[in-house]
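In case you want the letters, here they are:
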Amino acid sequence: MGPSSTRLGLATLDRLPRSVRRPAYDRSRVTPGMVHLGLGAFHRAHQAVVIDDCLAAGAASWGIVGASLRSPDTRDALAPQDHLYTVAVRAAEGTEHRVIGALLDSVVARENPAALVERMADPAIRIVSLTVTEKGYCHTPQTGDLDERHPDVVHDLNNFDAPRSAPGFIVAALARRRAMGALPFTVMCCDNLAANGHTVQRIVTQFAALRSRDLGKWIADNAAFPSTMVDRIVPETTDGDRDAVANALGSRDAWPVMTEPFTQWVVEDRFTAGRPDLAAAGVELVTDVKPFELMKLRLLNASHSALAYLGYLSGYETIADTMRDPHFARLAAQVMEDAAVTLTMPAGTDLAAYRASLLERFANPALHHRTWQIAMDGSQKLPQRLLGAMQDRLARGLPIATHALAVAGWMRYVSGLDEQGRAIDVRDPLAAEFAALAREAGPVAERLAPALLGVQTVFGPLGSEPRLREAVTTALACLYRDGARRAVETLVSA
Ligand code: CS2
């Protein structure tokens, strides 16, 4: 029998090598206090690690019940191992392994939606947190309003007690709590949306009001939706990662998560029904998250997307590969520099140090973060990452060539053909619409750029701004003429 023929679980915890950190509390005494919607790798490498620290500090009533909205994969992987899993923290110097015990149970919403509503309605649950990705909110990215025609919203309004969407679950569970005379839970969004708490509050109250005006008002008056800034780079786990973790543990973990040493969580301190002592676990509690959120979206996520589209087109598989090309490292720095002037930070924030740390994090050679993974769902990401900063720069009469090249990179990417004429596997809720526009326009910047800029849900009125149209069209023409590597080189050498 090989070392990895045993499975990670409560029964094997004691047998793990001493180098592997494990839950420092009596897990049998932990009870659920949070439901988390969107049980992906990011949640497990970020919020769940903080909660694990809270549990170690004695907050035994704050365990997590995780819900996957659709896929049973995470539950199927974790249930046989008592929901224990490994976080592998990777740096150039080596990897540290930690087994997390904060996740107590998991459910698959699609299999039994009513059961999830029931769990969320339980007054012991005081926080419902979310990482359902940008597209999981069924909203229009440009405006931040609920998309009332979204098929999941239409479905949920007709099947109120058996919803499909994240807003649908929240509204159904809050309605149940209101009927029981219980306090609402706090809704804590941990996705990269602009003003994420406020945006989710608007989406949820709009949804609730479609159901009943009183319910909408009760939620608006009573539920808290703190905004948060969450940050940790968490690439998708590969089979190679699973093997590496099995070797380190001496037992098999069906779904470990890979991440970097850095982690940050800034949260607005507004909770209706209590919260664990997050500050003691390293969370920054503030009254206004907005500046931190914008800083992260416009510096980290914007340069990430620029590297992803232009790096992918240049044939780079990972962000670290892309960063090894000095022109791309300068591109990332330039996106950040151009965005930084649009930010107003609280006194004491060291933006220069923050930017330098981002460049280092992107270059981490031990993380295999695929450009393709970050390129996903651009229609949901562009507004808060790139377009807001472009709008602010235009308002000040500043040039936007760097951001325009990133947007042009996205355009060429979603056209579906790479520089060698091979198909790109474009994943985006609007992929079909983009492909149709690209087919009609052909690989001609003067036609493709205006066609895509006309997609209202992404660009809104900004798409018809003459300076923006010109900058993006010029950048796209340069991409078609010279290719992404040369275009980046020309930009950063100017
Ligand atoms: C990335 C983010 O996939 C993406 O779009 O930009 O997931 C990024 O890694 C995280 O926001 C880092 O905190």
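Observations concerning the domain arrangement of the chain
According to the domain assignment, the chain contains domain 1 (10-286) and domain 2 (290-493). Contacts between the two partners involve 32 residues from domain 1 and, on the opposite side, 33 residues from domain 2. Per-residue buried area on domain 1 facing domain 2 is highest for Pro141, Gln142 and Ile233; these three make up 22% of the total on that side. Taken together, the connections running from domain 1 to domain 2 amount to four salt bridges. Inspection of the domain 1/domain 2 interface yields 12 residue pairs in polar contact (both at pLDDT 80 or more). Where the side of domain 1 that touches domain 2 is concerned, the elements lending two or more residues are strand S3 (85-91), strand S10 (228-231) and strand S12 (264-268). With four residues, S10 is the single largest residue contributor to the side of domain 1 that touches domain 2.

Some details on the packing of aromatic side chains
Applying the stated rule across the entire model yields five aromatic pairs. A centroid spacing of 5.4 Å and a plane angle of 65 degrees characterise the contact between Tyr309 and Tyr413, whose relative ring orientation is edge-to-face. With Tyr309 in helix H10 (residues 290-313) and Tyr413 in helix H16 (residues 401-414), this pair connects stretches of sequence that are 104 residues apart. Pair check on accessibility: Tyr309 and Tyr413 agree, each one buried. Following the ring pairs from residue to residue traces out a cluster consisting of Tyr309, Tyr312 and Tyr413. Its end group placed over the ring of Trp62, Arg126 keeps NZ or CZ at 4.0 Å from the ring centre. Taking NZ or CZ as reference, Arg242 lies 5.5 Å from the ring centre of Trp255, over its face.

A few points about helix H15 (residues 378-395)
The first and last C-alpha atoms of H15 sit 24 Å apart over 18 residues, in line with the 26 Å expected at 1.5 Å per residue. The largest bend along H15 measures about 40 degrees and falls at Leu387. Of the residues flanking the end of H15, it is Gly397, one or two places downstream, whose phi is positive at about 75 degrees.

Quick word on the packing of H16 against helix H20 (residues 466-482)
For the pair H16 and H20, interaxial distance at closest approach is 8 Å and the crossing angle is 60 degrees. It follows that H16 is oblique to H20 by the angle criterion. The two elements H16 and H20 cross, and the hand of that crossing is right-handed. Between H16 and H20, the contacting residues are Ala404, Leu405, Val407, Ala408, Gly409, Met411 and Arg412 on the first element and Ala471, Val472, Ala475, Leu476, Leu479 and Tyr480 on the second. Counted by class, the contact of H16 with H20 contains 11 nonpolar, one polar and one charged residues.

Thoughts on the site of the ligand
Surrounding the ligand, one finds Asn192, Val230, Asp231, Arg232, Ile233, Lys296, Asn301, His304, His369, Ile374, Lys381 and Arg385. One of the side-chain N or O atoms of His304 is found 2.8 Å from an oxygen atom in the ligand. Interatomic distance of 2.9 Å between a side-chain N/O atom of Arg385 and an oxygen atom of the ligand. Against a free-state accessible area of 340 Å², the protein chains account for coverage of 89% of the ligand. Only S10, H10 and H15 provide two or more residues apiece to the shell around the ligand. Among the residues making up the shell around the ligand, the classes are represented as three nonpolar, four polar and five charged.

What counts and how
- Counting restarts for each chain: residues are numbered from 1 in the order of the written sequence.
- The predicted nature of this model means local features are confined to residues of pLDDT at least 70 and side-chain atom pairs, given and counted, to a pLDDT of 80 or more, with totals for whole chains, interfaces and linings taken over all residues.
- Just so you know, side-chain values use all the structure's heavy atoms and leave hydrogens and water out.
- Throughout the structure description, domain borders are defined by an automatic or database domain assignment.
- Contacts: residue pairs with any heavy atoms within 4.5 Å of one another.
- Buried area: the sum, over both parts, of the accessible surface (1.4 Å probe) that disappears when the two are put together.
- For salt bridges, the criterion is a side-chain nitrogen of Lys or Arg within 4 Å of an Asp or Glu carboxyl oxygen.
- Here a polar contact is recorded for every N or O atom pair within 3.5 Å, except that within protein the pair must consist of a potential hydrogen donor and a potential acceptor, and residues adjacent in sequence are included only if both atoms are side-chain atoms.
- Strands here are runs of E lasting at least two residues and helices are runs of H or I lasting at least four, both read from the DSSP assignment and numbered beginning at the N terminus.
- Note on aromatic pairs: the rings of Phe, Tyr and Trp (six-membered ring only in Trp) are paired at centre separations within 6.5 Å, and the planes decide the class, stacked below 30 degrees, edge-to-face beyond 60, tilted for the rest.
- Partly exposed describes any residue whose relative accessible area lies between the buried limit of under 20% and the exposed limit of over 50%, with all areas from a 1.4 Å probe on protein chains only and scaled to the type maximum.
- Here, a charge over a ring means that NZ of Lys or CZ of Arg falls within 6 Å of the ring centre while also lying within 35 degrees of the ring normal.
- Helix span, expected: 1.5 Å multiplied by one less than the number of residues in the helix.
- In this scheme, the bend at a residue equals the angle between the axes fitted to the seven residues that finish there and the seven that begin there.
- To obtain each axis, a line is fitted to C-alpha atoms, and for helices this fit is confined to the stretch in contact; angles are then taken between N-to-C directions over 0 to 180 degrees.
- Any angle that falls under 35 degrees is termed roughly parallel, while one over 145 is termed roughly antiparallel, one within 65 to 115 roughly perpendicular, and all others oblique.
- By convention the crossing between two helices is left-handed if the near helix lies anticlockwise of the far one by an angle smaller than a right angle, and right-handed if it lies clockwise.
- Throughout, the ten residues Ala, Val, Leu, Ile, Met, Phe, Trp, Tyr, Cys and Pro are labelled nonpolar, Asp, Glu, Lys and Arg are labelled charged, and all others, Gly among them, are labelled polar.
- Summary of the distance rule: residues count as near a molecule or strand when at least one heavy atom falls within 4 Å of that molecule or strand.
- To measure how exposed things are, a 1.4 Å probe is used in the Shrake-Rupley method; for residues, cover is taken only from the protein chains shown.

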